[in-house]
Amino acid sequence: QVQLVESGGGLVQPGGSLRLSCAASGFIASPYYMTWYRQAPGKERELVAGITSAGITNYADSVKGRFTISRDNAKNTVYLQMNNLRPEDTAEYYCKKEDWPTLWGQGTQVTVSS
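Residues numbered from 1 in each chain as written. Predicted model: local features only at pLDDT ≥ 70, side-chain atom pairs only at ≥ 80, totals over all residues. Heavy atoms only, no water.

*Asks:* Any chance you could explain the sheet that holds strand S1 (residues 3–7) here in plain terms?
*Replies:* Strand-to-strand pairing in sheets goes through backbone hydrogen bonds, with the strands running parallel or antiparallel. Within the open sheet, the four strands sit side by side as S1-S3-S8-S7. Their pairing is antiparallel. Lying at the two open borders of the sheet, with one neighbouring strand each, are S1 and strand S7 (67–72). Adjacent strand axes in the sheet meet at a mean angle of 15°, parallel and antiparallel pairs treated alike. (Pairing = 2+ DSSP bridges. Helix = DSSP H or I, 4+ residues; strand = E, 2+ residues; numbered from the N terminus. Axes fitted to C-alpha atoms, helices over the stretch in contact; angles between N-to-C directions.)

Below, the structure is given as structure tokens:
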């Protein structure tokens, strides 16, 4: 079956760093526009970053300069490197295949707290 599986979330102190991974299985992710979203309790899910098949990236203003999205086609994996984390980055983070049929991962929790 086709799946996206996120990993790498956890508890980190403000100013710390974390790298999230999104492993695709059952399909080859390289041709598709892949994204990271996040959702905090009581807030709508928001687009954090995206990367095209050509490696062109885009970011939400709130994470520009701090987060980097990348992909390793040999590993069929998309990454989100998160630096200088803030408490407001606390959320469930989801990976998504944007091209139809769309596909969501199960999410991984990121908590930024001292």
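*Asks:* How do you make sense of the nonpolar core when you look at a structure like this?
*Replies:* A general feature of soluble globular proteins is that nonpolar side chains tend to end up buried together. Within the largest apolar cluster, 28 residues are counted, with the highest numbers of intra-cluster contacts made by Trp36, Leu80, Met82 and Tyr93. Residue assignment for this core shows that the elements contributing at least two residues are strand S3 (18–25), strand S4 (34–39), strand S5 (46–51), S7, strand S8 (77–82), strand S9 (91–97) and strand S11 (108–112). Here the element with the most residues in this core is S3; it accounts for four residues. Excluding anything up to four places from it in sequence, tyrosine 93 contacts Glu6, Leu20, Trp36, Tyr37, Arg38, Val48, Phe67, Leu80, Met82, Gly107, Thr108 and Val110. (Core = buried A, V, L, I, M, F, W, Y, C linked by side-chain atoms within 4.5 Å. Buried < 20%, exposed > 50% of the residue type's maximum accessible area, 1.4 Å probe, protein only. Contact = heavy atoms within 4.5 Å.)

*Asks:* Before we go on, may I ask you to explain the state of the cysteines in this structure?
*Replies:* Disulfide: a covalent bond formed between the sulfur atoms of two cysteine residues. Throughout the structure, instances matching the rule amount to one disulfide. Disulfide partner of cysteine 22: cysteine 95, at an S-S distance of 2.1 Å. Taking the sign of the S-S torsion, -80° for the link of cysteine 22 and cysteine 95, the bridge is left-handed. Taken together, the positions of cysteine 22 in strand S3 and cysteine 95 in strand S9 put the pair 73 residues apart, joining distant regions of the chain. The two residues cysteine 22 and cysteine 95 agree in class, both being buried. (Disulfide = S-S within 2.5 Å.)

*Asks:* For this particular structure, what's the right way to read the pattern of salt bridges?
*Replies:* Pairing is possible between side chains of opposite charge, provided their charged atoms come close. Scanning all chains against the criterion turns up six salt bridges. The salt bridge partner of glutamate 46 is arginine 38, with a shortest N-O separation of 2.7 Å. Relative accessible area serves as the criterion here: at 32%, glutamate 46 is assigned to the partly exposed category. Across the pair arginine 38 and aspartate 89 runs a salt bridge, and its minimum N-O distance is 2.9 Å. With arginine 38 in strand S4 and aspartate 89 in the loop between S8 and S9, this residue pair connects regions lying 51 residues apart in the sequence. For arginine 38, a relative accessible area of 6% translates into the label buried. Look at the salt bridges and you will find they share partners, linking Arg38, Glu46, Arg66 and Asp89 into a network. (Salt bridge = Lys/Arg side-chain N within 4 Å of Asp/Glu carboxyl O.)

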